[in-house]
Structure formats: structure tokens, C-alpha cells
Amino acid sequence: MPPKRAPSVGWIVCLWPGLPQLWSAGAWSGLALATGFALLLDLLLLTSLLWTEWVEPAFRVAGWTAVAVLWSVSIFTGRRWSQEHLAQVARPREEDLFPRALGEYLKGNWYEAEAACKNLLRRVSGDVQARLLLATLLRRSRRWSEAREQLDVLSRLEAAAMWEFEIAGERERLAEAEEQATVEVGETDEHQKAQVPAAMLSAA
């Protein structure tokens, strides 16, 4: 799929406070700011042109000064926000890599899943989910020492405190896999030793 593009924001949009955030991201804060500015401007226009007796001249001056300052600041901040927002949308999102890695893992494409996990960890070394998934991949690939290294790294991460149960479970599965492999090797050796005399007899 092509990368998502954000709506283009020009200077005309930045002339109204809150409108860039509302136009590009649909942010409630942008709506609140744009509405508040409109109400303030309408109130000042009414008290300056129609109901002049309602408000003292000093308050009207202060109100128009506030509008001018808010309007000037909004031009700068709105344009800067829109540029940062466009750059963020155009940049590939790092969090998209984990769903991709998990999807490849569930499909049985372990090589692709491992590559996605390592790519994500190069960007965000403290990603607990990616490192835990990588440890699982390494265990299932019978690369037990590498899997244990990943789990050891996880145990030192502060963010991994919420994943203690999952990490402990992965350590247990890793120990069981290594123990099972040891048993299988022992059974294979015993089987091979038992077959040697029979082979020698048949050869004789």
C-alpha cells in the first residue's frame, strides 16, 4: 500500500487559530481553539461596533490586543505544527513493524519475522514486545543461547516489568526445549550404540 498522505496545509489555513490541527488531524483541541477565537472575535466586534456602552474602552483595547497577539502567534505555531505533522505522517511508523513481524511469525515465515524484529530493535532497542517475540523465534529455531541473551536483555529493561509473567514463561519453555533436546540426543546415542553389534553381525 502507498504511504498515507496528510492533507496539505497552506498559509491560508494557518491564519485562523486551531484550524491547522482541526484540518489535518481532526483534533478536538483545534476545534476548541478555533471556536473560542471565533466567539472572542464576534464579541469584540459586537461591543466595538454595536453595543459600545456595554464594555469600557479599556477592556475593548485589551480584548483587541489579546486577539492580535493570539492571531500573530497562531500563524507561527500553526505553520510549524502543520510541517511537523506532515513530516510525522510521511515517515514510516516504527510501530508498524511489530504487527508485520507478528504477522510473519503467525504465517510461519520466521526469517521475515526475525528480520522485522531486528529492524525494529535497531530503531527502538527498548521495545519489549519485539525483543520477546525475537526470543521466541530464536527458541523455536533451536538457537537457545541467542534466545537466552535476548531474555537477559529483557530482564534489565525497566519497561519489561509489566511483562514478567510472559518472560518467565518463555524462560521455562526455553529450559524445556533444551532439556528435551538433551534427552533426544541421549536416546539417539543409545540407539546408535545398540545398533552397532547388530550391524557388525550382519556384516559378518
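This one's a predicted model, so the numbers in the text were calculated from it and none came from an experiment.

*Asks:* Now, about the pattern of salt bridges: what can you tell me, with residues and values included?
*Replies:* One pass over the full model with this rule turns up seven salt bridges. A salt bridge links E170 to R139; its shortest N-O distance comes to 2.4 Å. Residue E170 is found in helix α9 (residues 164-203), and its partner R139 is found in helix α7 (residues 128-140); the two are separated by 31 residues along the sequence. With its nearest N and O atoms 3.0 Å apart, the salt bridge here joins D152 to R171. Taken as a pair, D152 in helix α8 (residues 144-155) and R171 in helix α9 lie far apart in primary sequence, 19 residues in all. Relative accessible area serves as the criterion here: at 31%, R171 is assigned to the partly exposed category. What emerges from the salt-bridge pattern is a single network uniting E114, K118, R143 and E146.

*Asks:* If you had to explain the packing of α7 against α8 to someone new, which residues and values would you point to?
*Replies:* Viewed as axis vectors pointing N to C, α7 and α8 meet at an angle of 160°, and their least axial separation amounts to 8 Å. The orientation of α7 with respect to α8, classified from their angle, is roughly antiparallel. Both α7 and α8 take part in a crossing whose hand is left-handed. Contact with α7, carried on its side by V128, R131, L132, L134, A135, L138 and R139, involves W144, E146, A147, Q150, L151, V153 and L154 of α8 and no other residues of that element. Its residues placed into classes, the contact of α7 with α8 shows ten nonpolar, one polar and three charged.

*Asks:* Break down the confidence of the model for the protein chain for me, with residues and values.
*Replies:* Should the pLDDT be low somewhere, the predicted coordinates at that spot are not to be read in detail. On average, residues of the protein chain score 75 in pLDDT, and 67% of them are at 70 or above. Considering only residues more than four positions removed or in separate chains, one finds that residues 1-9, a stretch of pLDDT under 50, has 15 contacts. Low pLDDT (under 50) marks residues 191-204, which in the prediction has zero contacts with non-local residues, meaning those over four places away or in another chain.

*Asks:* So what's going on with unusual backbone geometry? Residues and values would help.
*Replies:* A positive phi is found at R142, a non-glycine position, where the angle reads about 65°. Here R142 shows up in the loop between α7 and α8.

*Asks:* Could you give me a rundown of a nonpolar patch on the surface, with the residues and numbers involved?
*Replies:* On the surface, L45, L46, L49, L50, W51, W54 and W64 cluster together to form a nonpolar patch covering roughly 730 Å² of accessible area. Mapped onto the fold, W64 is located in helix α4 (residues 57-90).

*Asks:* Break down helix α5 (residues 97-107) for me, citing the residues and quoting the values.
*Replies:* Of the positions making up α5, those classed as buried are L97, F98, A101, E104 and Y105. Along the long axis of α5, the arc covered by the buried residues comes to 130°, so they all point the same way. In α5, the exposed positions angled more than 90 degrees off the buried face are occupied by P99, L106 and K107. Buried residues in α5 make contact with α6 (110-123) and α7. One or two residues past the end of α5 sits G108, with phi positive at roughly 90°.

*Asks:* So what about the environment of S48? Which residues, and what values?
*Replies:* Mapped onto the elements of the fold, S48 is located in helix α3 (residues 28-49). Residue class for S48 comes out partly exposed when judged on its relative accessible area of 22%. Once residues lying within four places of it in the same chain are set aside, the contact partners of S48 are R60 and W64.

*Asks:* Explain the environment of T52 to me, and be specific about the residues and the numbers.
*Replies:* Looking at the secondary structure, you find T52 in the loop between α3 and α4. Residue T52 is classed as partly exposed on the basis of its relative accessible area of 35%. Other than its neighbours up to four places away in sequence, T52 contacts T47 and R60.

*Asks:* Please provide a residue-by-residue account of the nonpolar core, values included.
*Replies:* The biggest cluster of nonpolar side chains holds 25 residues, and the ones touching the most others in it are C117, L133, L137, L151, L154 and I167. Elements that contribute at least two residues to this core include exactly α5, α6, α7, α8 and α9. The leading source of residues in this core is α7, at eight residues. With residues near it in sequence (within four places) discarded, L137 still touches Y105, W110, A113, E114 and C117.

Reading guide: rules and limits
Residues numbered from 1 in each chain as written. Predicted model: local features only at pLDDT ≥ 70, side-chain atom pairs only at ≥ 80, totals over all residues. Heavy atoms only, no water. Salt bridge = Lys/Arg side-chain N within 4 Å of Asp/Glu carboxyl O. Helix = DSSP H or I, 4+ residues; strand = E, 2+ residues; numbered from the N terminus. Buried < 20%, exposed > 50% of the residue type's maximum accessible area, 1.4 Å probe, protein only. Axes fitted to C-alpha atoms, helices over the stretch in contact; angles between N-to-C directions. Parallel < 35°, antiparallel > 145°, perpendicular 65-115°, else oblique. Left-handed = near helix turned anticlockwise from the far one by under 90°. Contact = heavy atoms within 4.5 Å. Nonpolar A, V, L, I, M, F, W, Y, C, P; charged D, E, K, R; others polar. pLDDT = per-residue confidence, 0-100. Patch = residues over 30% accessible without salt bridge, like charges linked within 9 Å, V, L, I, M, F, W, Y side chains within 5 Å. Areas by Shrake-Rupley, 256 points an atom, 1.4 Å probe, with all protein chains shown as cover. Arc of directions from axis to C-beta. Core = buried A, V, L, I, M, F, W, Y, C linked by side-chain atoms within 4.5 Å.

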